[in-house]
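Observations on the model geometry
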Amino acid sequence: MNANKSIQKTLCNISVGSLIALSACTQPVVTQTPTTTVSPAAPTPITTNSPITETPTSTTANRNLAELAQSAASQGQFQTLTKAVQAAGLNGQLTTSGPYTVFAPTDAAFAALPTGTLDNLLKPENKQQLVRLLAYHVIPGQITSSQITPGQVKTLEGTPVTIKVEDTGKAITVNGAKVTQADIPANNGIVHIVDKVILPPNFPASFNTTPTPTPR
């Protein structure tokens, strides 16, 4: 029971839904005035598309996860995650200290789960499994995309996730879930958006398979 409470207390911190609000903050970083004059005839630099969208550091880094949660609820991309955090009873501790690294699934990621999975998880009697699922998306410490290295990293749930980093393009995956937007900052954590919900090992089959129809 103490372990569950500990997970709940730390997990709230990361209320992934809140972190995502940062994705809407697009204030550019203030750049220094160049010391040289750019020639009008200078050629346009060639750019390539990166598999990961980097979020510019902005004033959002001065807010904690709880403050970011207030704006996240209005973004529309992480309503399911916000709902799950509330059902798990984790939304009341978002101001606690961290730091934490959160891999935040979008609404589309939750919608891709097998039929009935989310509904089952949101039932009051399955609260402990929901807390476990959310904790599996959180890693102690603040790890930016440039600091992520391949290998296994222990989560707050207690078991590790496997992180892979492709040499080409630096694409990052966590148990197969791709990081689509990285480095969303808060003063007590950082968020990386992923395109899939990450299920803990040995998660109950009733939560990751389509329910068998009741025979008539």
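Reading the values: rules and limits
- Residues numbered from 1 in each chain as written.
- Predicted model: local features only at pLDDT ≥ 70, side-chain atom pairs only at ≥ 80, totals over all residues.
- Heavy atoms only, no water.
- Helix = DSSP H or I, 4+ residues; strand = E, 2+ residues; numbered from the N terminus.
- Buried < 20%, exposed > 50% of the residue type's maximum accessible area, 1.4 Å probe, protein only.
- Areas by Shrake-Rupley, 256 points an atom, 1.4 Å probe, with all protein chains shown as cover.
- Salt bridge = Lys/Arg side-chain N within 4 Å of Asp/Glu carboxyl O.
- Core = buried A, V, L, I, M, F, W, Y, C linked by side-chain atoms within 4.5 Å.
- Contact = heavy atoms within 4.5 Å.
- Pairing = 2+ DSSP bridges.
- Polar contact = N/O pair within 3.5 Å; in protein donor to acceptor, adjacent residues only side chain to side chain.
- 1 Å grid on protein atoms, 1.4 Å probe; cavity = no way out; pocket = protein on both sides within 12 Å on 5 of 7 lines; lining within 4 Å.
- Points joined across faces, edges and corners; volume = space filled by probe spheres on them.

**Let's talk about the overall build of the chain**
The number of helices and strands found in the chain is 8 helices and 8 strands. Buried residues in the chain amount to 43% of all 216 residues. When the accessible surface of the chain is summed, it comes to about 11900 Å², and 52% of that surface belongs to carbon and sulfur atoms.

**A short note on the pattern of salt bridges**
This structure, assessed with the given rule, holds 1 salt bridge. Where R132 meets E157, a salt bridge forms, and the shortest distance between an N and an O atom there is 2.7 Å. Of this pair, R132 sits in helix α7 (residues 127-135) while E157 is found in the loop between β4 (151-154) and β5 (160-165), placing the two residues 25 residues apart along the sequence.

**Notes on the nonpolar core**
Residues L81, A88, A104, L121, L130, L134 and V197 are the most contacted members of the largest nonpolar core, which totals 26 residues. Of all the elements in the fold, those that place two or more residues in this core are α4 (79-87), β2 (100-105), α5 (107-111), α7 and β8 (189-194). It is α7 that provides the largest number of residues to this core, a total of 5 residues. With residues up to four places along the chain from it excluded, the contact list for V197 reads P105, A109, F110, L113, L133 and H137. V161, I163, I172 and V194 belong to the second largest nonpolar core, which has 13 residues in total.

**Topic: the environment of L156**
Structurally, L156 can be placed in the loop between β4 and β5. The spacing of L156 and I139 is 17 residues in sequence and 5.9 Å in space, taken between C-alpha atoms.

**Overview of the pairing of strand β7 (residues 177-186)**
Across the 10 residues that make up β7, a large majority, 8, are buried. Judged from the 2 bridges that link them, strand β6 (residues 172-174) and β7 form a sheet pairing that is antiparallel. By the bridge assignment for β7, T173 is matched with K178. Direction of pairing for β7 relative to β8: antiparallel, over a ladder of 5 bridges. Bridge assignment links Q181 to a residue of β8, and that residue is I193. The hairpin formed by β7 and β8 contains 2 residues between the paired strands.

**Remarks on the environment of D195**
Note on placement: D195 falls in the loop between β8 and α8 (205-208). Look at D195 and you get partly exposed, because its relative accessible area is 32%. For the pair D195 and A177, spaced 18 residues apart in the sequence, the C-alpha separation amounts to 5.8 Å. Apart from the residues within four sequence positions on either side, D195 is in contact with A109, A177, K178 and T180. Polar contacts involving the side chain of D195 include one to the main-chain amide nitrogen of K178, which spans 2.9 Å.

**Here we look at unusual backbone geometry**
Most of the time, phi is negative for any residue but glycine, and the peptide bond is trans. The residue N175 is not glycine, and still its phi comes out positive at about 50°. Note that N175 resides in the loop between β6 and β7. Overall, the relative accessible area of 36% leaves N175 in the partly exposed class. We note that N202 has phi near 60°; this positive angle belongs to a residue other than glycine. On the basis of relative accessibility, which here comes to 76%, the residue N202 falls in the exposed class.

**A short note on α4**
In an α-helix, one turn spans 3.6 residues, which is why side chains three or four residues apart end up on the same side. Where α4 is concerned, the buried positions are T80, L81, T82, A84 and V85. G89, located one to two residues past α4, shows a positive phi value of around 75°.

**Some words on empty space enclosed by the protein**
Inspection of the entire model under this criterion finds 1 cavity of 30 Å³ or more. In this structure, the largest cavity encloses a volume near 30 Å³. Contributing to the lining of the largest cavity are T101, F103, I139, I143, I148, V153 and I163.

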